[in-house]
Protein chains: 2
Amino acid sequence: MLIDLDLLYTWGAVAKEYKKGEIIFEEEGIANFYYQIIDGCVKMFNTNDKGKEFTQGYFFNGQSFGEPPLFIDERYPSTAMAFHDTTIIKLSKDKLIRILDEYPSIQKQFLNLMARRIYSKAKTSKDIINQNPAFRIIAFFNTSKKNKEGEKELITYTRQEIANFTGLRVETVIRALSRMNTEKKIEIKNHKIYY
Amino acid sequence: MLIDLDLLYTWGAVAKEYKKGEIIFEEEGIANFYYQIIDGCVKMFNTNDKGKEFTQGYFFNGQSFGEPPLFIDERYPSTAMAFHDTTIIKLSKDKLIRILDEYPSIQKQFLNLMARRIYSKAKTSKDIINQNPAFRIIAFFNTSKKNKEGEKELITYTRQEIANFTGLRVETVIRALSRMNTEKKIEIKNHKIYY
DNA sequence: CGGTTCCTTGAGGATGATCAACGAGGGTGG
DNA sequence: CCACCCTCGTTGATCATCCTCAAGGAACCG
């Protein structure tokens, strides 16, 4: 949980529910609000001229998203969409900036958060460049895995979502997955993927 | 210029010169220092199993680099190397953290810096995924361009460097460039690229 | 039970990677 | 001044891989 909910409400934040598939903000839109997820999941992505989608990342309970443009007066580089039904608390940009100025410890938290994001992005782009479907897919699974070490867990993303995240095509993902299955890198039971 | 040099020296920072090609820190190394470039250029990159290189970015005069791991206690995700002869001022991690705690305005600057990095990384990975050599190369040129709008300027990177940054191979870059030349997207005079 | 959404398979084509040479320029030392 | 070396740029041929297009099949949900 990033900023305390009570604090946010004190400063005039408002909770809003978004239905699955609803757009929260769009690429090139002006950044006016701070968003923090109370419950649900948000996907950030870009779409190119030919409608091909690239997923920048997923955000879950207690996480905030879309903050960088607030700090540097830029427009949104990507679109944010509710991936499931999601409740989000919204605070105006000015108020967020004022909170950061008043609470240095919160500012520090945000610095750490941004640092962590850069760190992951560096790791991810390194992996994506590394041509090779299986490798990219594994890298994606690793970032999305809940229980780090330990037994196999169900992957809840569709093959299309995996494709969007890895920059591959659905068919390529499917073929790579079945190859990985026979090579025992993953397990597929009844179309469900375990890793 | 990020942190004032006098301030850094006051806190015990030391300037050091690195010769072209010299390694400043290595992937997976422990992060103990804050680095700020006084003069020169630094390249951050990863190398995969087969020796293929992926350039994460270049850093120039007045910029700092390799900070994220300092904030989150991780190891370096990439290697940093002097791209030309470069003078760098080094400060220990603890001292940096203490500076940030004592000067909230500096902490804020770092927050803005990290936000800007995330913003660029988002733009870059979007572009790289967008299969198409010409597109990737143009995206790289745009980020490295000094005078934003305006007339053509000389690209000072070798074709190998362009390849490393875009995740392509040298030959592919060369062929793409000459196609872009005939299509007038760029200009090549005497092997030199203008964009 | 009908309609979505997701998954699967095959055939064919496009494109970037790979391998192998060679060319061109710049700097250095004899 | 010239020969040599080293880095960078260039070209062609071939190969592997992923994309594209097309057509179904399976699972899930109201």
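The structure displayed is predicted, hence computed values, not measured ones. (Residues numbered from 1 in each chain as written. Chains lettered and ligands numbered in written order. Predicted model: local features only at pLDDT ≥ 70, side-chain atom pairs only at ≥ 80, totals over all residues. Heavy atoms only, no water.)

## Notes on the overall build of chain A
Part 1 of the reasoning: Scanning chain A from N- to C-terminus turns up seven helices and 10 strands.
Part 2 of the reasoning: Relative to the compact-globule value of 16 Å for 195 residues, chain A shows a C-alpha radius of gyration of 18 Å, a close match.
Part 3 of the reasoning: Its C-alpha atoms put chain A at 55 × 40 × 30 Å along the principal axes.
Part 4 of the reasoning: Looking at chain A as a whole, 51% of its 195 residues qualify as buried.
Part 5 of the reasoning: Sequence separation of at least 24 residues holds for 72% of the intrachain contacts in chain A that already meet a minimum separation of 6.
Part 6 of the reasoning: With an accessible surface of roughly 9,700 Å², chain A has 51% of that area assigned to carbon and sulfur atoms. (Helix = DSSP H or I, 4+ residues; strand = E, 2+ residues; numbered from the N terminus. Rg over C-alpha atoms; globule rule 2.2 N^0.38 Å. Buried < 20%, exposed > 50% of the residue type's maximum accessible area, 1.4 Å probe, protein only. Contact = heavy atoms within 4.5 Å. Areas by Shrake-Rupley, 256 points an atom, 1.4 Å probe, with all protein chains shown as cover.)

## What about the packing of aromatic side chains?
Part 1 of the reasoning: Enumeration according to the criterion identifies 32 aromatic pairs over all chains in this entry.
Part 2 of the reasoning: On the numbers, 5.9 Å between centres and 35° between planes, the contact of Phe59(B) with Phe65(B) is tilted. Assigned by exposure class, Phe59(B) and Phe65(B) land together as buried.
Part 3 of the reasoning: Of note, Lys90(A) hangs over the ring of Phe33(A), and the distance from its end group to the ring centre comes to 4.2 Å.
Part 4 of the reasoning: Positioned above the aromatic ring of Phe45(B), the side-chain terminus of Lys43(B) is 5.1 Å from the ring centre. (Phe/Tyr/Trp six-rings, centres within 6.5 Å; stacked < 30°, edge-to-face > 60°. Lys NZ or Arg CZ within 6 Å of the ring centre and 35° of its normal.)

## Regarding the side chain of Lys93(A)
Residues and elements named next belong to chain A.
Part 1 of the reasoning: Mapped onto the secondary structure, Lys93 falls in helix α3 (residues 93-102).
Part 2 of the reasoning: Side chain to side chain, Lys93 and Asp73 meet in a polar contact 2.5 Å long.
Part 3 of the reasoning: Beyond its immediate stretch of four places on either side in the chain, Lys93 contacts Ala31, Asn32, Phe33, Leu70 and Asp73. (Polar contact = N/O pair within 3.5 Å; in protein donor to acceptor, adjacent residues only side chain to side chain.)

## Remarks on the packing of helix α5 (residues 133-144) of chain A against helix α7 (residues 170-182) of chain A
Residues and elements named next belong to chain A.
Part 1 of the reasoning: Remark: α5 packs on α7, axes separated minimally by 9 Å, with the N-to-C direction vectors making an angle of 85°. Between α5 and α7, the crossing angle belongs to the class labelled roughly perpendicular. For the pair α5 and α7, contact is made by Pro133, Ala134, Ile137, Ile138 and Phe141 and by Thr172, Val173, Ala176, Leu177 and Met180, respectively.
Part 2 of the reasoning: Among the residues forming the contact of α5 with α7, the class breakdown is nine nonpolar, one polar and no charged. (Axes fitted to C-alpha atoms, helices over the stretch in contact; angles between N-to-C directions. Parallel < 35°, antiparallel > 145°, perpendicular 65-115°, else oblique. Nonpolar A, V, L, I, M, F, W, Y, C, P; charged D, E, K, R; others polar.)

## Here's the deal with helix α6 (residues 159-166) of chain B
All names here are of chain B.
Part 1 of the reasoning: Most of α6 sits out of view: six of its eight residues are buried.
Part 2 of the reasoning: All of the buried residues along α6 are Glu161, Ile162, Ala163, Asn164, Phe165 and Thr166.
Part 3 of the reasoning: One or two steps after α6, the chain reaches Gly167, where phi turns positive at roughly 80°.

## Some details on the interface of chain A and chain B
Part 1 of the reasoning: Taken together, the 39 residues of chain A in the interface contact 39 residues of chain B.
Part 2 of the reasoning: Of the roughly 3,700 Å² buried at the junction of chain A and chain B (both faces included), carbon and sulfur atoms supply 65%.
Part 3 of the reasoning: Per-residue buried area on chain A facing chain B is highest for Leu111(A), Tyr119(A) and Ile129(A); these three make up 18% of the total on that side.
Part 4 of the reasoning: Where chain A meets chain B, there are eight salt bridges.
Part 5 of the reasoning: Taken together, chain A and chain B are joined by eight residue pairs in polar contact (both at pLDDT 80 or more).
Part 6 of the reasoning: For the side of chain A that touches chain B, the secondary structure elements donating two or more residues are β5 (53-60), α2 (68-72), α3 and α4 (104-129) of chain A.
Part 7 of the reasoning: Looking at which element gives the most residues to the side of chain A that touches chain B, the answer is α4(A), with 19 residues.
Part 8 of the reasoning: Taken together, the residues of the side of chain A that touches chain B sort by class into 17 nonpolar, 10 polar and 12 charged. (Buried area = accessible area lost by both parts, 1.4 Å probe. Salt bridge = Lys/Arg side-chain N within 4 Å of Asp/Glu carboxyl O.)

## Some details on the relation of the copies chain A and chain B
Part 1 of the reasoning: Aligned on chain B, chain A shows an RMSD of 0.0 Å; the corresponding rotation is 180° and the shift along the axis is 0.0 Å. The superposition operator between the copies reduces to a two-fold rotation axis. Closest to the rotation axis within chain A is the C-alpha of Leu111(A), separated from it by 2.5 Å. (Least-squares fit on C-alpha atoms with pLDDT ≥ 70 in both.)

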